[in-house]
Amino acid sequence: MFTSPVLRLRLKMAVGFWVFLALLLVAVAAVVVVEAAAISVKNASPSPLGWEEDVVVGAGHVLEHYLAGCHVVIAAPRLSPALASLLREVSAVSVSVALVDITLCMDLTPRNVWNEGSLDYWQRLWDSGVEATCRVLVMDHTAADIASAASLLTCSDLWQQADTRVLIMGRREDVEVLLRNEGLRNTRHAMYLTPHAPTQQQQSGAAKRGVIDLYTRCLYCDAGGSKLQLTQRWNLSDLPQELTIFPEQHKAFTGSMLRVVAKTYFPLFDYEPLSDKPGTLVTPKDSLCARMIATLAAAYNFTCVVREPEDGQWGLLTSNGNWTGLVGKLQYENADFSLDITVTLERSKVVDFTVPYVEEPVVILSPKPRPLPEYLSLVRPLEATVWIAVVLSVFAWGTTLWLMQMGWHWISGGRRLSFSTSIFYGWAVLLEDHPYQSLVNASSQVLVGAWLIVGLIVTTGYRSSLISHLVVQGKSAVINSMEELVDRRETDGWRWGTRRMTGVLKNFLSSSSDPAIVQVYKHMETADIDEGMKRVVDGGFSYIYNYYYSKSMVATTYTDDTGYTPVHLSRSKYPLFSGNAWAFRRGAPFRSHFNKAILKLLDAGLVTFWMDDVINNYVRRERRRRAQETGGQVTIIALDDEEVVLGLRHMQGTFYTLMLGHSLAFIAFVTEYLYQIH
C-alpha cells in the first residue's frame, strides 16, 4: 500500500501513455470511416430520381459544352437527392469546385446580408479558382425551399460580378421569383433549368420525363426591365451540341432609360438646370461628355435622364463610411452612372470607373514678358559676371603695367607711370582712345598689345549687343515651371496663389519631395478666379489652376480681337490625378461595353478633337456676346511691331550715365577743394 514517489510517478506515466494510444486509435478509425463514406458517396450510383435527374443531366450538358474550365461554386441543401449526380457532372469538366450549403445565408438578418464579413467570405470563395477563365454558380434548388435559395442569391456577392454565370435547377413555379431576385440585378447570364410540364399535366404538377425547359433572363429587353424568356426545350435523348445559350447582351438597350448624375465642369460637361431645386433634372449643353453620351446612346439605343446631386458635391467620404455627392448617389444605386469624375483610390472602393479619357492637370498662369526698364539698356548687353570680369581685368592689368614700369624705372632709370595713369590707360583702350604716352620697354609693349586684343573683342561684342538692346526692347523671362516660379520670387519678389488650398491640389503640393514644389506650397496664397486673374494681368503674380478651364477662360475673357493675350500658360503641366472618367454603380453590367466604346473614341482621336472643338465653339460664342455688350472688356497690352526710331526713351541710359559722371566730378571737385584749404 505504501509506494515510493518514484513508483507512483512511473505508474502515472504508464497510464497516460495507454490513454493517449487509445485516443490515437479512435481518431484514426474515425478518419478511415469518414474517408470511406466520402468515397462511397462519390462512387455510388445515385438512388433512382425523377425529374431531378433530368435537370442534373441538362446542367451537366451546359457545363460540359458551354462552361468547361470554369470555377464552379455549388449551392445545394445537405440532403439533396441530386447532389451526388451533380458532383459527378461538375467535377468532370470544371477546373475547381467549391460546395456551400444553400441555407448558409438564412441566419443573416436583412441588415447583415451586406455586412463586410459576408462579402469577404464570398470574395475569397470566388477567388479560390484562380486558374479558371470563368465563374459559375450552380444552385440545386430541387429539394430546397424558396427562402433559402433567395437568401443565398442575395448575399452571395453576385451583384458585384456581372460576368459570373448563374445556373439554377428547380421547380417551374419558382422560375420568376429566383430569376428576378435582387441579387441577380447585375448578372448578365442567368439560366433556370426545370422539367417540361405539358398543359394537361400542369394542374396535377406532373412533369414529362426526358424533356427540360431552359429559361433565361434579358436585363434590358422589357423597357429597361428584365424579361424572362423560354429560350430552349431539350430532349435529353438528343441534346444539341452547338448553340449560343449565352448570347452577348447590351449591344442594344431597346430604348431603356438609364439614370445619370453629373455636375457642371466646362469644358468636360455643361448643362442648364430645369429648376433651382436640389437634385433637379438638367439639360446637357455642348461639352465633351455631352457629345460622348450622345454617341453612345445612338450606338446602344438607350436614353438617359441627367440630374444634379442633391448636396451639389462631387463626393467626399464621411466619418461613418458613406459618401456624399456623385459618389454617394452611385454607392446607394440611386443612379446608374456618373459623367466626368476624378479617379481616386478611395472612390474606386465603392464605384467602378471606366478607363480615364482625359487628364486635367494644373498649369501656371502668369503675365507675358513685360518690357524691361530702358535706363538699364547700357548694362544689359553684358551679363553681370562679364561686367565684373571686365572691371577686375582693368584693375589687374593696370596694376601689372604700373609694377612693370616701376621695375623698368629702377633698372634703367626710364620714365615711370603713376598708378592712376595705368588704370586709365586700361580704360582708354576699352573705350578705343589712343594712349597719349608711348611705352619704350618691350615687356610693357607686349602687355599693351595683349590688352588691345582683349579690348577689341570686348568692345566689338558690346557694341553689337548694345545696338540690338536699343532697337529691340528687352523683356522679362516667361514662367513655365515651378522652379522658375520660385526663382522669380527670389529675384523679383514674385507671388502666386490658387482658388482653394484644399483637396488633391493640397495633397499634391504638400506630399511632393521636389524642393521647388515645397516652396510653392509654403508661400501659396488664396484668391478667387476674378481677383487672381486681375493680379496676373497687373503683373508680379501667377495663378495656379486647372488647364482646360484656364484655356477656355483666357481665350474668351483675356484675349482681344487680334488674338493677343497678356496671359501666358506654362508649358509644364502637373497632373494631380489618374485622370477623369465615368463612374458606375458597383457591378453595373454595361460598364465594360461603355469602357470599350470610350477606348474606341480615344483610339479614333475623337475625344481630343471634340475637346478642342467644344472650347473653340465656346470662345466664338462668348466673343460674339461680348461684342454686343459695352462693358466687361479687358485692357490688353498690345505689342509694338512698327519700325523703331531711336528716341530719348531708348537713349535715357546714356544721359543718366552723363548725369552720374557730372555728379561724381562735382563730388571730386568739392573733395579736392576741401583738401587744399585745409
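The following paragraphs examine the structure supplied in this document. (Residues numbered from 1 in each chain as written. Predicted model: local features only at pLDDT ≥ 70, side-chain atom pairs only at ≥ 80, totals over all residues. Heavy atoms only, no water.)

Once that is clear, we can look at the environment of Val177. Inspection of the secondary structure assignment puts Val177 in helix α6 (residues 175-179). For Val177, a relative accessible area of 46% corresponds to the partly exposed category. (Helix = DSSP H or I, 4+ residues; strand = E, 2+ residues; numbered from the N terminus. Buried < 20%, exposed > 50% of the residue type's maximum accessible area, 1.4 Å probe, protein only.)

Of note, Thr164 is situated in the loop between α5 (146-155) and β4 (165-169). Residue classification places Thr164 among the buried positions, given a relative accessible area of 2%. Once residues within four sequence positions are removed from consideration, Thr164 is found in contact with Trp126, Arg135, Val136, Leu137, Leu158, Thr187 and His189. (Contact = heavy atoms within 4.5 Å.)

A few words on α5. The buried count for α5 comes to eight of 10 residues, which makes it a mostly enclosed element. The backbone nitrogen of Ala147 lies 3.2 Å from a side-chain oxygen of the residue at the head of α5, namely Asp145. After α5 finishes, the residue Asp157 shows a positive phi value of roughly 70°. (Polar contact = N/O pair within 3.5 Å; in protein donor to acceptor, adjacent residues only side chain to side chain.)

Attention now moves to the nonpolar core. In terms of nonpolar packing, the biggest core is built from 55 residues, with Phe337, Trp582 and Phe594 touching the most fellow members. Among the nonpolar cores identified, the runner-up in size contains 31 residues, and Val62, Leu67, Cys70 and Leu239 belong to it. (Core = buried A, V, L, I, M, F, W, Y, C linked by side-chain atoms within 4.5 Å.)

The next point concerns the sheet that holds strand β19 (residues 580-585). Strand order across the open sheet formed by five strands is β11-β8-β12-β19-β13, with mixed pairing between neighbours. Since the sheet does not close on itself, it has two edges, and those belong to β11 (302-307) and β13 (351-353), each with one partner. Adjacent strand axes in the sheet meet at a mean angle of 35° when their direction is disregarded. On the sheet, helix α8 (residues 288-300) packs against β8 (256-261), β11, β12 (337-342) and β19 and is oriented at approximately 150° with respect to β11. The sheet contacts of helix α18 (residues 591-603) involve β8, β11, β12, β13 and β19, and relative to β19 the element is tilted by about 165°. (Pairing = 2+ DSSP bridges. Axes fitted to C-alpha atoms, helices over the stretch in contact; angles between N-to-C directions.)

Together, Leu660, Leu664, Phe666, Ile667, Val670, Tyr673, Leu674 and Ile677 give the surface a local cluster of nonpolar side chains, amounting to about 800 Å² of exposed area. Within the secondary structure layout, Ile667 lies in helix α20 (residues 652-677). (Patch = residues over 30% accessible without salt bridge, like charges linked within 9 Å, V, L, I, M, F, W, Y side chains within 5 Å. Areas by Shrake-Rupley, 256 points an atom, 1.4 Å probe, with all protein chains shown as cover. Salt bridge = Lys/Arg side-chain N within 4 Å of Asp/Glu carboxyl O.)

Within the structure shown, the criterion is met by 21 salt bridges. Where Arg586 meets Asp352, a salt bridge forms, and the shortest distance between an N and an O atom there is 3.0 Å. Here Arg586, found in the loop between β19 and α18, pairs with Asp352, found in strand β13; they are 234 residues apart in sequence, far enough to count as distant. Taken together, the shared-partner salt bridges connect Arg171, Glu173 and Asp174 into one network.

Here we take up the layout of surface pockets. Quantified by volume, the largest pocket comes out at close to 1200 Å³. In terms of lining, the largest pocket is formed by 38 residues, of which the most central are Trp314, Arg500, Val504, Asn546 and Phe577. Looking at the lining of the largest pocket, the elements with two or more residues in it are β12, α14 (503-511) and β17 (541-546). The element best represented in the lining of the largest pocket is α14, accounting for four residues. Taken together, the residues of the lining of the largest pocket break down into 18 nonpolar, 12 polar and eight charged. (1 Å grid on protein atoms, 1.4 Å probe; cavity = no way out; pocket = protein on both sides within 12 Å on 5 of 7 lines; lining within 4 Å. Points joined across faces, edges and corners; volume = space filled by probe spheres on them. Nonpolar A, V, L, I, M, F, W, Y, C, P; charged D, E, K, R; others polar.)

Per the stated rule, a full pass over the model turns up 20 aromatic pairs. Among the aromatic residues, ring-to-ring pairing joins Tyr300, Phe302, Phe337, Trp582, Phe584, Phe590 and Phe594 into one connected group. A cation over an aromatic ring shows up here: Arg488 above the ring of Trp494, its NZ or CZ 4.3 Å from the ring centre. The ring of Phe541 carries Arg535 above its face, with NZ or CZ at 3.9 Å from the centroid. (Phe/Tyr/Trp six-rings, centres within 6.5 Å; stacked < 30°, edge-to-face > 60°. Lys NZ or Arg CZ within 6 Å of the ring centre and 35° of its normal.)

The strand order across the open sheet built from five strands is β16-β15-β17-β14-β18, with neighbouring strands paired in mixed fashion. The strands lining the two open edges of the sheet, one partner per strand, are β16 (525-526) and β18 (567-569). Here strand β15 (residues 495-498) runs beside β16; their pairing, made up of two bridges, is parallel. Bridging across to β16, Gly497 finds its partner in Glu525. Most of the contacts of helix α16 (residues 529-538) go to β17, to which it runs at about 140°, and overall it touches β14 (362-367), β15, β16, β17 and β18. Where helix α17 (residues 547-557) meets the sheet, its contacts fall on β14, β17 and β18, and the angle it forms with β17 comes to roughly 120°.

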